[in-house]
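These are the residues of each chain, in order.
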Amino acid sequence: SKAGVLGLAKAMARELGVDGIRVNCVTPGLINTDITGNSLSEQRLSEIRNGTFLHRFGDPKEVAGAFLFLASDLSSYVTGAVIDVNGGIHVHG
């Protein structure tokens with residue numbers, strides 16, 4: 001379903017760009033929240049944490065920062081983008 005949402009966002013960016021409407025996606029990784037702490041064992045949390053380039057979980061404010069960027073004039077030429085806020089855990093290559 002995530003791939004479908006990303007595909008939809010890119011299609012919308014293509015169609016709506018002519019009207020000056022920008023469409024982007026933010027894809028958070030594991031973010032330090034109450035839900036995260038209660039759903040995984042400490043061993044699994046440690047494995048995930050060590051699997052990120054930054055060796056830590058994200059903070060909700062860091063995800064909010066990506067949205068603030070996209071809502072600001074700083075991103076006026078950004079559309080059809082996917083911003084990964086995941087500490088590098090999904091980098092391949």
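Residues numbered from 1 in each chain as written. Predicted model: local features only at pLDDT ≥ 70, side-chain atom pairs only at ≥ 80, totals over all residues. Heavy atoms only, no water.

**Q** Would you mind showing me how to read the overall build of the protein chain here?
**A** A tally of regular secondary structure across the protein chain gives four helices and two strands. Reading the protein chain from its N terminus to its C terminus gives the helix and strand order α-β-α-α-α-β. Taken against the 2.2 N^0.38 rule, which gives 12 Å for 93 residues, the C-alpha radius of gyration of the protein chain at 15 Å runs more than 25% over that of a compact globule. Along the longest, intermediate and shortest principal axes, the C-alpha atoms of the protein chain span 50 × 30 × 25 Å. Expressed as a percentage of its 93 residues, the buried residues of the protein chain come to 22%. Nonlocal contacts in the protein chain, meaning residues at least 24 apart in sequence, comprise 66% of its contacts between residues at least 6 apart. Only carbon and sulfur atoms are counted for the fraction: they give 59% of the accessible area of the protein chain, which is about 6,700 Å². In the protein chain, 8 side chains carry a positive charge and 9 a negative one; their mean positions are 3 Å apart. (Helix = DSSP H or I, 4+ residues; strand = E, 2+ residues; numbered from the N terminus. Rg over C-alpha atoms; globule rule 2.2 N^0.38 Å. Buried < 20%, exposed > 50% of the residue type's maximum accessible area, 1.4 Å probe, protein only. Contact = heavy atoms within 4.5 Å. Areas by Shrake-Rupley, 256 points an atom, 1.4 Å probe, with all protein chains shown as cover. Lys, Arg positive; Asp, Glu negative; His and termini not counted. Charge placed at Lys NZ, Arg CZ, Asp CG, Glu CD.)

**Q** What's the story with a nonpolar patch on the surface in this structure? I'm lost.
**A** Taken together, the side chains of Phe-53, Leu-54 and Val-91 present a nonpolar region at the surface, about 330 Å² in accessible area. On the secondary structure map, Phe-53 appears in the loop between helix H3 (42-50) and helix H4 (60-71). (Patch = residues over 30% accessible without salt bridge, like charges linked within 9 Å, V, L, I, M, F, W, Y side chains within 5 Å. Salt bridge = Lys/Arg side-chain N within 4 Å of Asp/Glu carboxyl O.)

**Q** Can you walk me through the pattern of salt bridges in this structure?
**A** Side chains that differ in charge, positive against negative, can pair when their charged atoms come close. In the structure shown here, the tally under the stated rule is three salt bridges. The partner of Glu-42 in a salt bridge is Arg-49, and the shortest N-O contact between them spans 3.3 Å. Note that Arg-56 and Glu-62 form a salt bridge whose closest N and O atoms lie 2.7 Å from each other.

**Q** Honestly, H4 in this entry has me stumped. Any pointers?
**A** Every α-helix carries 3.6 residues per turn, so stepping three or four residues along brings you back to the same face. For H4, built from twelve residues, the straight-helix expectation of 16 Å at 1.5 Å per residue is met to within 8% by its first-to-last C-alpha distance of 17 Å. For H4, the secondary structure elements touched by its buried residues are strand E1 (25-28) and strand E2 (82-85). (Expected span 1.5 Å × (residues − 1).)

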